[in-house]
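Next come the chains, spelled out residue by residue.
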Amino acid sequence: MTRRAAPTPAAVLPGPDRALARSLVRQVRPVPVGRALRDPDGAMCLACGADLPGDVLASPCASCGTPTTLVSDGVPLATVTVLGGLHRRRAGLRKRPAMLVARGADDCTLLLHNGRTLTVAPGDLPATTDPGPGPDTPVLRSPVGPILRHAVTGDGSLPWPADLLLRHAFDALATVPWARRVAALDLLALGRPDLLGGCGLSRTETTWLTLVHGARRGDAAEVVAAAAALPPDRYRRKIAIVAALLAQLRQVPGAAERLAPALRAFAGTEPLAALAQRALGLAGHPPRQRIDDHVTRAGTFPVPVELVHLLDARAAGSSALLGARGRLAVLHAAADPDPGLAVAVSLDDAPLAVVDDLIDAGKVTDLATVSAGRPDDQQAYLTARIAPDRLSDAQLERVGHRDEAIRRRLLAGGTDPTDPTDPDRTSPMARHAASVDHVLRRRPQDVVAGHVLPAHREVARLLTDVITRADAGEEPAALLTGPLLADRSTWLPLVRLFGAERLRGAGGELVRGFSDFFEWLDLTAAREHLFLADWQRATDAARRCLELATGEAVRDEAQNLLACGLHNLGDHHGAMRELEQAIEGSYSVALLANIGVVAAHLDPELAAGHLGRIVREGPTTAMRVNAARQALAAWRSDDGKLWAGDGSDRRALPTVLREPLRSIVVERIDLDDFRAVVAALATHDAAWLTAPNSLRASPHRDTLDARYHLAVAAEDMFLSVVDVLATIQDWAAAPEWLCTARDELVHQTIDFLLGHIDDPDNMAGIVARALVTKVRGLPERDQVVLALLAVATLAHHVTEQDEELADGVVDLFGAYEGRVAALDAEQREAVAGLRELCVRRITLNLAFSRKREIGTLVDLYNAALDVLDRVQRGSPLWFRARGQVAETVDACQRTKAQLRPWVRKLEDADVRDMVLGFLDHCADLELKAQRVLGS
């Protein structure tokens, strides 16, 4: 039997045609998936996936009855109300955010900050404060789009959790079915296909939209899962999506088996379905058919990756067809390999001799690439080959890199070329180091040209010539040449030898040709002048550098030095201007630190803005905390204007401070720093601070400091603070800051009540009562004053409301009235007026309450008299009427017993006369009732 000769490589893989590959790439254009199908004009029902004729696109689907359009023609889009607008509504002492979540014909529903809802008339709707979507937020089209945006992209500044907002959005969709599909598209635009189930669409339509979303993102796993979940014989367009993503789908485990039913259902009618079956191994794929399939895909979708690799002979593309060893061989042998090939080649287990050759040829320069996964001794060797300056002392000793050891000793000043005991003194590197030492000591006559390493001999000759001629009286600037400055290792020795100022003044041609040297020279001069406190010459040198510099790093450093000089000259605004320009691109620690220094001398608004950037970007916690405290101090000192306030009684933090402070408050900072930051957030960012888990990451989340300031941020701030103060058992051991806060609350409450003693609002009175009944250790005088003010305020409030004073308030007065006598004379005189006011207001409240009671009983009493006159004695009605008369007697007796002690305390004659007149009326009524009972 004759053996057939093996085919030549040319017969297996014809030579590449680069022109063909480029023309394919130019000609291919992405097309909508629908255009890739057999009937590109056919429509599809989104709800059930049935095929629709093109002429019934606006009609309901014949299979499921669902409208096939995005929005029905009958919907009055011009009158649709967009929900989710933000408003500010006063709640208690502060304005709180509210969101419009529903709107009827005659009313609006607001979602309040506490999660409850409130129905208001359209005319009572507060003005909107919603700033609208940011520049990066996608355009949303449904009526609930703003609610969805706040739920999905919220930054924590709103008080509502995302699930609550989503619930209201989906509830609103239930009332406007036409908007469900539009809302689903909004969710896809926001990147949240996981929320589609709340839109009220069919399960299959939700799955289809998830498939579309996955295809747009190139998420092969999501495409497979969604396509497999759809009915196999519905949703024809899924076939085009599967065909477009075949290369990615093959990487998903089990994709072929999961997609098989859908491909089988359409294989007879859609060529792309049969193509996908073959590509996924579900059907035979002979060579000629494989080529035809590639041509089909290239004509329908962007060129398949496999086809580009076959047609393009670029090294990186061709090497993708090779294994790891093949790519290594190509890299080793190629004279001019593709730069990306070194990255694609794995050198983990490559022979060390091969890696040596690659390093010698300059084909591999990255230490991490060549040393990854190798033993320690090989890593040390390769480090010595590529980056000897990164060798540790132990590695340096192990590999015996003597030249690197000498270089390090030279840099450390430990090389003495005249030391006869140095074993390396005769080595080439040691002789070279000795020559460098002679140059730096300005002894050119001792430099032996043969001792300088060959690569540096010409530069050494030029440098020694400059030294010799300068010592003879010539100006160093005139001796500079291009070949000398082309070697950057000469720059620092030149400045050390002659100083920066003597090197200035070179010819314009040289300055233009070596601008980087003269930029560096002016920077060096500016630093020297700053160290010598010569501010004017430092700024002049920095400005000279800016005239030449074009690179960002050099300009930033020059502006930093210029700002330092201007700051010390008193031009703080000029200094900040330079720093702002320098930090526009990248920043350094020095720039941030200098901004912090200069900001203290600027307008508080500008200062806080710059300091806020340090809080956000500072490299150390200490630096960020210090900037935060400076920024808060600057902002609070700015009493002339509200920067970003909402118009309420508490200013909102400016944006430049809000996010940095939220970030730093949860870091590991000192307790004092934590208290300063959380105090500002409690006062000016309460909605964020009181949100769940705002301080969860802080190590101080369970401290007294955190509990107190969370109480300050609470809606019922005063009572919450009192509850925290009430937990202190021993005020002598309490922190000083808390004692100060307690005293301030007590004194401010007293001052407020004294100034608003006739206001009907009882909030301050409730706080005063809570302070005196819950908080231990208050001074006696403060306790008495708070108790009397609480009683006076609460009595006035309930009287205005036509209600009777609670027994607890009356008892509070009784408990503290007797303690007035224990005060000293001055204090007794101060509270005497409060005591009289309490007596008067309590008496009036009780008198008015009894008057209302007696007034009600008089009507019943008169009706009882009428019954007694008409019915037979001893009948049930007669006994019931006598009981009503007896109740009247009891009420009159209770009234006299209750009011007479207060009348004796009254000092106001008019009130006493009024109450006594009412008591006389009660006595007269009692007498009449007694007579009726005795008859």
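Residues numbered from 1 in each chain as written. Predicted model: local features only at pLDDT ≥ 70, side-chain atom pairs only at ≥ 80, totals over all residues. Heavy atoms only, no water.

Participant: I'm lost on the overall build of the protein in this one. Help?
Facilitator: In terms of helices and strands, the protein carries 46 helices and six strands. With 935 residues in all, the protein has 45% of them scored as buried. Taking the intrachain contacts of the protein between residues at least 6 apart in sequence as the baseline, contacts between residues at least 24 apart amount to 57%. Roughly 47,400 Å² of accessible area belongs to the protein as shown, and the carbon and sulfur atoms make up 53% of that amount. (Helix = DSSP H or I, 4+ residues; strand = E, 2+ residues; numbered from the N terminus. Buried < 20%, exposed > 50% of the residue type's maximum accessible area, 1.4 Å probe, protein only. Contact = heavy atoms within 4.5 Å. Areas by Shrake-Rupley, 256 points an atom, 1.4 Å probe, with all protein chains shown as cover.)

Participant: Is there a simple way to think about the packing of helix H41 (residues 763-774) against helix H43 (residues 807-817) in this case?
Facilitator: Packed helices, taken two at a time, are described by the angle between their axes plus the distance between the axes. Taken N-terminus to C-terminus, the directions of H41 and H43 make an angle of 55°; their axes are 12 Å apart at the nearest point. When the interaxial angle is binned, H41 and H43 end up oblique. Between H41 and H43 the crossing geometry is left-handed. Here H41 contributes Arg769, Val772 and Thr773 to the contact with H43, which in turn contributes Gly808, Val809, Leu812 and Tyr816. In terms of residue class, the contact of H41 with H43 is made up of four nonpolar, two polar and one charged. (Axes fitted to C-alpha atoms, helices over the stretch in contact; angles between N-to-C directions. Parallel < 35°, antiparallel > 145°, perpendicular 65-115°, else oblique. Left-handed = near helix turned anticlockwise from the far one by under 90°. Nonpolar A, V, L, I, M, F, W, Y, C, P; charged D, E, K, R; others polar.)

Participant: Looking at this model, I keep getting lost on the packing of aromatic side chains. Mind explaining?
Facilitator: Given two aromatic rings, one states the distance between the centres and the angle between the planes to describe the pair. In total, this model carries four aromatic pairs according to the counting rule given. A centroid spacing of 5.4 Å and a plane angle of 70° characterise the contact between Tyr708 and Trp737, whose relative ring orientation is edge-to-face. Of this pair, Tyr708 sits in helix H38 (residues 704-713) while Trp737 sits in helix H40 (residues 736-755), and the two are 29 residues apart along the sequence. Under the relative-accessibility criterion, Tyr708 is labelled buried at 12%. (Phe/Tyr/Trp six-rings, centres within 6.5 Å; stacked < 30°, edge-to-face > 60°.)

Participant: Got a minute to help me understand the side chain of Lys896 in this structure?
Facilitator: Within the fold, Lys896 resides in helix H45 (residues 876-905). A polar contact is formed between the side chain of Lys896 and the side chain of Glu926, at a distance of 2.3 Å. Ignoring anything within four residues of it in the chain, the contact list for Lys896 reads Pro901, Leu919, Ala923 and Glu926. (Polar contact = N/O pair within 3.5 Å; in protein donor to acceptor, adjacent residues only side chain to side chain.)

Participant: Whenever I open this one, the pairing of strand E6 (residues 117-120) confuses me. Can you help?
Facilitator: Each regular strand carries side chains that alternate between the two faces of the sheet. Bridging between strand E5 (residues 108-111) and E6 involves four bridges; their strand directions are antiparallel. Bridging from a neighbouring strand, Leu111 pairs with Thr117 of E6. Count of turn residues in the E5/E6 antiparallel hairpin: five residues, of which Gly115 carries a positive phi of about 90°. (Pairing = 2+ DSSP bridges.)

Participant: Looking at this structure, how should I read the nonpolar core?
Facilitator: For soluble globular proteins, nonpolar side chains are generally found buried alongside one another. If you look at the biggest cluster of nonpolar residues, it comprises 104 residues, and the most contacted ones within it are Leu661 and Leu771. The dominant element in this core, judged by the number of residues it contributes, is helix H44 (residues 825-870), at 15 residues. Core analysis: the next-biggest nonpolar cluster, separate from the first, contains 67 residues, Met99, Val144, Leu164 and Ala220 among them. (Core = buried A, V, L, I, M, F, W, Y, C linked by side-chain atoms within 4.5 Å.)

Participant: What's the story with the packing of H40 against H41 in this structure? I'm lost.
Facilitator: Two elements in contact, H40 and H41, have axes separated by 10 Å at closest approach and are oriented at 140°. Relative to H41, H40 is oriented oblique. Taken as a pair, H40 and H41 cross one another with a handedness that is left-handed. Residues Leu745, Val746, Thr749, Phe752 and Leu753 of H40 form the contact with H41, whose own contacting residues are Ala764, Gly765, Val767, Ala768 and Leu771.

Participant: In this structure, what is going on with the environment of Asp723? I would like to understand it.
Facilitator: Within the secondary structure, Asp723 is located in helix H39 (residues 717-725). Separated by 12 residues in the primary sequence, Asp723 and Ala711 place their C-alpha atoms 8.4 Å from one another. Only 3.2 Å separates the side chain of Asp723 from the side chain of Lys774, close enough to count as a polar contact.

Participant: Explanation requested: the state of the cysteines in the structure shown.
Facilitator: Chemically, a disulfide is nothing more than a covalent bond linking the sulfur atoms of two cysteines. All chains considered together, the criterion is met by zero disulfides. Cysteine Cys892 is unpaired, with the sulfur of Cys922 as its nearest cysteine sulfur at 5.0 Å. (Disulfide = S-S within 2.5 Å.)

Participant: How do you make sense of the environment of Val355 when you look at a structure like this?
Facilitator: Its location among the elements puts Val355 in helix H17 (residues 352-360). Placed 27 residues apart in sequence, Val355 and Leu382 show a C-alpha to C-alpha distance of 8.9 Å.

Participant: Even after reading the chapter, I still don't get H45, so can you show me in this structure?
Facilitator: Think of an α-helix as 3.6 residues a turn; residues three or four steps apart then line up on the same face. Taking 1.5 Å per residue, 30 residues should reach 44 Å; H45 reaches 45 Å between its end C-alpha atoms and fits that length. Helix geometry: H45 is bent most strongly at Leu899, by close to 30°, with proline Pro901 lying one to four residues after it. (Expected span 1.5 Å × (residues − 1). Bend = angle between axes of the 7 residues up to and from the residue.)

Participant: Looking at this structure, I do not really get H17. What am I missing?
Facilitator: All of the buried residues in H17 are Val354, Val355, Asp356, Leu358 and Ile359. Once H17 finishes, Gly362 follows within two positions and takes phi at roughly 75°, a positive value.

Participant: When you look at the pattern of salt bridges in this model, what are you seeing that I'm missing?
Facilitator: Any two side chains of opposite charge can pair, so long as their charged atoms come close to each other. Under the criterion given, the structure shown has 26 salt bridges. For Arg461, the salt bridge identified is with Glu458, shortest N-O distance 2.5 Å. Of this pair, Arg461 and Glu458 both sit in helix H23 (residues 457-471), three residues apart, which is roughly one turn of that helix. According to the relative accessible area criterion, Arg461 is partly exposed, its value standing at 44%. For Arg840, the salt bridge identified is with Glu836, shortest N-O distance 2.8 Å. Here Arg840 pairs with Glu836, and both are found in helix H44, just four residues apart, close to one helical turn. Arg840 sits in the partly exposed class, given a relative accessible area of 24%. (Salt bridge = Lys/Arg side-chain N within 4 Å of Asp/Glu carboxyl O.)

Participant: How do you make sense of unusual backbone geometry when you look at a structure like this?
Facilitator: Note on backbone geometry: most residues besides glycine have negative phi, and most peptide bonds are trans. Of note, Asn693 is a non-glycine position whose phi angle comes to about 70°, a positive value. Secondary-structure assignment places Asn693 in the loop between helix H37 (686-689) and H38. Take Asn693: its relative accessible area is 54%, and that puts it in the exposed class. Unlike most non-glycine residues, Asp802 shows phi in positive territory, near 60°. In this structure, Asp802 sits in the loop between helix H42 (780-800) and H43. Residue Asp802 is classed as exposed on the basis of its relative accessible area of 55%.

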